[in-house]
Amino acid sequence: ATNGFEQMFINFTNERIQHLFNEIMFERELEVYKTEGVDYAYQLHEDRLPCIQLFADPSRGIVKLLADSVRSKNGWSDGPNLVAIFNKMFN
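In this report, we go over the structure that sits alongside the text.

The rules behind these values
- Residues numbered from 1 in each chain as written.
- Predicted model: local features only at pLDDT ≥ 70, side-chain atom pairs only at ≥ 80, totals over all residues.
- Heavy atoms only, no water.
- Helix = DSSP H or I, 4+ residues; strand = E, 2+ residues; numbered from the N terminus.
- Buried < 20%, exposed > 50% of the residue type's maximum accessible area, 1.4 Å probe, protein only.
- Contact = heavy atoms within 4.5 Å.
- Areas by Shrake-Rupley, 256 points an atom, 1.4 Å probe, with all protein chains shown as cover.
- Axes fitted to C-alpha atoms, helices over the stretch in contact; angles between N-to-C directions.
- Parallel < 35°, antiparallel > 145°, perpendicular 65-115°, else oblique.
- Left-handed = near helix turned anticlockwise from the far one by under 90°.
- Nonpolar A, V, L, I, M, F, W, Y, C, P; charged D, E, K, R; others polar.
- Arc of directions from axis to C-beta.
- Phe/Tyr/Trp six-rings, centres within 6.5 Å; stacked < 30°, edge-to-face > 60°.

## Re the overall build of the protein chain
Across its full length, the protein chain holds four helices and zero strands. Tracing the protein chain from N to C terminus, the helices and strands come up as α-α-α-α. Across the 91 residues of the protein chain, 15% fall into the buried class. Expressed as a percentage of contacts within the protein chain between residues at least 6 apart in sequence, the contacts between residues at least 24 apart total 43%. Carbon and sulfur atoms form 55% of the exposed surface of the protein chain, whose accessible area is close to 7300 Å².

And the structure:
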């Protein structure tokens, strides 16, 4: 099965929420440990910020490109054309 358009944005939202949670709960707590001189042996999980930025970057993120397409008179009318444009921009 393939994910639909709506699922892509659900996944994006979940990644953003997870990133914020990790930043608040772990990264900030580790900063407190460092300033207090507490030994710790915790490794942060993989940072998904590049994935989030791929969608949310205000200058060339996927959301901006989709919005531009909707506003454009020459909008990208089909999926394959849109994918080709994304591949050109992000490769």
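Past the structure itself, the notes keep going.
## Topic: the packing of helix H1 (residues 5-36) against helix H2 (residues 49-56)
Packing of H1 against H2 brings their axes to within 10 Å, and their N-to-C directions diverge by 130°. Considered as vectors, H1 and H2 are oriented oblique to each other. Of the two possible hands of crossing, H1 and H2 adopt the one that is left-handed. Contact residues: Met8, Phe12, Glu15, Arg16 and His19 in H1; Leu49, Ile52, Phe55 and Ala56 in H2. Taken together, the residues that form the contact of H1 with H2 break down as six nonpolar, one polar and two charged.

## Quick look at helix H3 (residues 62-71)
The complete set of buried residues in H3 reads Ile62, Leu65, Leu66 and Ser69. Take H3 and look down its axis: the buried residues cluster within an arc of 100°, on one side only.

## Considerations on the packing of aromatic side chains
Overall, the coordinates contain three aromatic pairs when judged by the stated rule. Between Phe9 and Phe55, the aromatic rings sit 6.3 Å apart at their centres with planes inclined by 75°, giving edge-to-face as the arrangement. Pair noted here: Phe9 is in helix H1 and Phe55 is in helix H2, with a separation of 46 residues, a long-range link. Taking the relative accessible area as the measure of exposure, Phe9 reaches 24% and is therefore partly exposed. Using a relative accessible area of 10% as the deciding quantity, one classes Phe55 as buried. Between Phe21 and Phe26 the ring centres are 5.9 Å apart and the planes differ by 80°, which places this aromatic pair in the edge-to-face class. Residue classification places Phe21 among the partly exposed positions, given a relative accessible area of 41%.

## Brief notes about the environment of Gln53
Take Gln53: it is sitting in helix H2. Linking Gln53 and Arg16, residues 37 residues apart in sequence, is a C-alpha distance of 9.6 Å.

## Remarks on the environment of Val63
Mapped onto the fold, Val63 is located in helix H3. Sequence separation between Val63 and Phe9 is 54 residues, and the spatial gap between their C-alpha atoms is 9.5 Å.

None of this, on its own, says anything about what the molecule does.
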